[in-house]
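# Observations on chain architecture
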Amino acid sequence: MQTMSLRMPDYLKSAVSDVCKNEKISLNQFILNALSEKVSALQTVDIIEQKVMQASRSDFLNALKQIPDNEPYKNDKL
């Protein structure tokens with residue numbers, strides 16, 4: 001594990017500290033959670049973009065044809 005120095009504006013530090021206090025977590029844990037969420041979101045976008053590049057319209061339309069043409073359940077109707 002590495003130590004990192006972080007500079008942030010006072011207003012942001014104050015806001016984050018308030019959130020940490022309310023959530024009863026450390027500033028370190030908050031920052032780790034925030035970084036993890038951001039990295040995960042960006043990696044997910046990358047994965048989706050890779051899948052899009054491999055996709056084919058004809059495969060998609062063929063998959064749609066395999067879906068049965070049934071009435072939706074009563075609770076699923078709009």
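The structure displayed is predicted, hence computed values, not measured ones. (Residues numbered from 1 in each chain as written. Predicted model: local features only at pLDDT ≥ 70, side-chain atom pairs only at ≥ 80, totals over all residues. Heavy atoms only, no water.)

## Things to note about the overall build of the protein
For clarity, the cut-off: Comment: elements are numbered from the N terminus, with helices defined as DSSP H or I runs of at least four residues and strands as E runs of at least two. Taken over C-alpha atoms, the radius of gyration is set against a globule rule of 2.2 Å times the number of residues to the power 0.38. Surface accessibility in these figures is a Shrake-Rupley result with a 1.4 Å probe; residues are shielded only by whichever protein chains are displayed. This count recognises Lys and Arg as positive and Asp and Glu as negative, with His and chain-terminal groups excluded. Where a charge lies is defined by one atom per residue type: Lys uses NZ, Arg uses CZ, Asp uses CG and Glu uses CD.
Each helix and strand in the protein was counted, giving three helices and zero strands. Along the protein, helices and strands appear, N-terminal first, in the series α-α-α. The C-alpha atoms of the protein give 23 Å as radius of gyration, which overshoots the globular expectation for 78 residues (12 Å, by more than 25%). Its C-alpha atoms give the protein principal-axis dimensions of about 55 × 35 × 25 Å. On the protein, roughly 8000 Å² of surface is accessible, and the fraction owed to carbon and sulfur atoms is 56%. Taking the average location of the 10 positive side-chain charges in the protein and that of its 10 negative ones, the two points are 3 Å from each other.

## Looking at the pattern of salt bridges
Oppositely charged side chains may form a pair once their charged atoms are brought near each other. This is how it is decided: When a carboxyl oxygen of Asp or Glu is within 4 Å of a side-chain nitrogen of Lys or Arg, the pair counts as a salt bridge. Burial classes: relative accessible area under 20% of the type maximum marks a residue as buried, over 50% as exposed, and values in between as partly exposed (1.4 Å probe, protein chains only).
With the rule as written, the count across this model stands at one salt bridge. Across the pair Glu71 and Lys77 runs a salt bridge whose closest N-O atoms are separated by 3.7 Å. With a relative accessible area of 66%, Glu71 lands in the exposed category. Since its relative accessible area comes to 49%, Lys77 is described here as partly exposed.

## So, unusual backbone geometry
Despite not being glycine, Lys24 has its phi angle at roughly 60 degrees, a positive value. In this fold, Lys24 is placed in the loop between α1 (10-23) and α2 (27-54). The exposed category is assigned to Lys24, whose relative accessible area is 76%.

## What to know about the confidence of the model for the protein
How we decide: Scored from 0 to 100, pLDDT reflects the predictor's confidence in each residue.
Per-residue pLDDT for the protein has a mean of 94; in total, 100% of the residues score no lower than 70. Mean pLDDT values over the elements of the protein span from 94, in helix α3 (residues 57-65), up to 97, in α1.

## With respect to α1
Rule in force here: Helices are assigned an expected span. That span is 1.5 Å times one less than the residue count.
Under the 1.5 Å per step criterion, the end-to-end length of α1 is 20 Å for 14 residues, consistent within 8% with the ideal 20 Å. Lys24 sits one or two positions beyond α1 and adopts a positive phi of about 60 degrees.

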